[in-house]
Amino acid sequence: MHATQPATSLPWQPKSPHSAARLGDHGPAYFRRVPTPSSRHRGGGARMPSETLWEIAKAEVEKRGSSGGEGDGVEIGEKSVFFIGSKNGGKTTIILRCLDRDEPPKPTLALEYTYGRRTKGHNIPKDIAHFWELGGGTSLLDLISIPITSDTLRTFSIVLVLDLSKPNDLWPTMENLLQAMKSHVDKMIMKLGKTNSKAASEMRQRIWSNMQKDHPDRELVDPFLIPLVIIGSKYDIFQDFDSEKRKVICKTLRFVAHYYGASLMFTSKSEALLLKIRGVINQLAFGIDRSKSICVDQNKPLFITAGLDSLSQIGSPPVPDNDIGKLHAHSPMELWKKVYERVFPPKSINTLKDTKDPARDPQYAEREVDEMRMQKDQELEQYKRSSCKSWKQLELDS
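Treat the numbers as computed from the prediction; the structure is a model and nothing was measured.

Trainee: I'd like a rundown of the overall build of the chain, residues and numbers included.
Mentor: If you tally the helices and strands in the chain, you get 12 helices and nine strands. Taken across its 398 residues, the chain has 40% of its residues classed as buried. Restricting the contact set of the chain to residue pairs at least 6 apart, pairs at least 24 apart contribute 68%. Total accessible area on the chain stands at roughly 22,700 Å², and carbon and sulfur atoms take up 53% of it.

Trainee: Can you explain the confidence of the model for the chain? Please cite residues and give values.
Mentor: Confidence in the prediction of the chain, expressed as mean pLDDT, is 77, and 73% of residues score 70 or more. Counted against residues more than four places away or in other chains, residues 2-48, with its pLDDT under 50, gives 83 contacts. Here residues 67-76 is a poorly scored stretch, pLDDT under 50, and it has 13 contacts once near neighbours within four places are set aside; other chains count.

Trainee: Before we move on, could you go through a nonpolar patch on the surface and cite the residues and values that matter?
Mentor: A cluster of nonpolar side chains, contributed by I294, V296 and L308, occupies part of the molecular surface with about 220 Å² of accessible area. Structurally, the position occupied by V296 is in the loop between β8 (294-295) and β9 (303-304). Judged by its relative accessible area of 38%, V296 is partly exposed.

Trainee: Talk me through the side chain of T252; I want residue IDs and the actual numbers.
Mentor: One can find T252 in helix α6 (residues 243-259). Since its relative accessible area comes to 1%, T252 is described here as buried. The contact partners of T252, leaving out residues within four places of it in the chain, are W171, W336 and Y340.

Trainee: Just give me the short version of the packing of aromatic side chains, but keep the residues and values in it.
Mentor: The final tally for this structure, using the stated rule, is 14 aromatic pairs. Between F224 and Y260, the aromatic rings sit 5.4 Å apart at their centres with planes inclined by 85°, giving edge-to-face as the arrangement. Of the two residues, F224 is situated in the loop between α4 (197-206) and β6 (228-233) and Y260 in the loop between α6 and β7 (263-266); the sequence distance between them amounts to 36 residues. Residues F224 and Y260 agree in their burial class; the two are buried. Each residue in the set F224, F255, Y259, Y260 and W336 is aromatic and connected to the rest through ring pairs, giving one cluster.

Trainee: Lay out the packing of helix α2 (residues 91-98) against helix α7 (residues 271-286) in plain terms, naming residues and giving numbers.
Mentor: Packing of α2 against α7 leaves a shortest axis separation of 9 Å and a crossing angle of 80°. Classified by the angle between their axes, α2 and α7 sit roughly perpendicular to one another. The segment α2 lies against α7, with I94, R97 and C98 engaging E271, L274, L275, I277, R278 and I281. Here the residues of the contact of α2 with α7 sort into six nonpolar, no polar and three charged.

Criteria and cut-off values
Residues numbered from 1 in each chain as written. Predicted model: local features only at pLDDT ≥ 70, side-chain atom pairs only at ≥ 80, totals over all residues. Heavy atoms only, no water. Helix = DSSP H or I, 4+ residues; strand = E, 2+ residues; numbered from the N terminus. Buried < 20%, exposed > 50% of the residue type's maximum accessible area, 1.4 Å probe, protein only. Contact = heavy atoms within 4.5 Å. Areas by Shrake-Rupley, 256 points an atom, 1.4 Å probe, with all protein chains shown as cover. pLDDT = per-residue confidence, 0-100. Patch = residues over 30% accessible without salt bridge, like charges linked within 9 Å, V, L, I, M, F, W, Y side chains within 5 Å. Salt bridge = Lys/Arg side-chain N within 4 Å of Asp/Glu carboxyl O. Phe/Tyr/Trp six-rings, centres within 6.5 Å; stacked < 30°, edge-to-face > 60°. Axes fitted to C-alpha atoms, helices over the stretch in contact; angles between N-to-C directions. Parallel < 35°, antiparallel > 145°, perpendicular 65-115°, else oblique. Nonpolar A, V, L, I, M, F, W, Y, C, P; charged D, E, K, R; others polar.

Here is the structure:
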């Protein structure tokens, strides 16, 4: 898989950088591949040279609408992967590694886009993978609705990257992102069902395919309606944690992943681990056969493919039996949350709250720009004070 950039400006490309999430070296945002028209009509006759491009496109759309094939009109060979997760958790690094780009990762600004292509064979159209990345941790959740719509939903997968080196931030980050994503996906499924009930029904059925029909937990889990992968990053730091703390984190993430029908794996800067992660992302992006590997040893990097874990193997929450009864919870998920937060209490709201204004976010600091901004802010405050004095003087004179 490799990243490419269009060599020419075509009508479907953005006409200005302002229409893109970020152009840079990553190609156009909101990129949509225009299919090459077939050489034949829906009825099988040869195309006449007198046909206009509009007539050819119209015939192709009509052909797709009446085909009734698998996917109900979704173009084969084009998928999207949406990376969300902890701020500075390593999302960009994983994407660059999957695209074979040897370049230092840059801080993600809001919502960014890039893509990769894979050659399947001579004279065979290349598969295209769209990669979206949400920056800012949990501060920019409104941007989720930009790439995932009822029209694009069927091609999407989600990759949630969690920073294992910051266990106190892990649960709130995971909870906020998954709840926001699940709520939006459910809305898009309902919207899709109103216009294409068959496609919505197929999505609901397909998500259960990862779990065997006789799996004992089928009635106890609530899988995401689109594929979900949870990646714990910075394992090289995590492996030096106390054994009991590692146990709590591993068991908790296993439960959350199993409950949502997700795959779970840990990674670091290790080349071997990055290669395993790349294989998982390739499966999401290009439909390559998924790995059936499994590692549940808390002393090693976890690697559990969706559907291969079970509640019996995970066990009960890591808390003394005499304390379980003291924890009042309305659901298993809430119980695991309470147990986890007893060991890793979340930071205060003020500390955990992300910066809403990117201009004041330290990761985007630029000395010259910030100094000028500070100067203008001071001038504005001075103007406000002088204006206030002028109004007071006018009132006294009157």
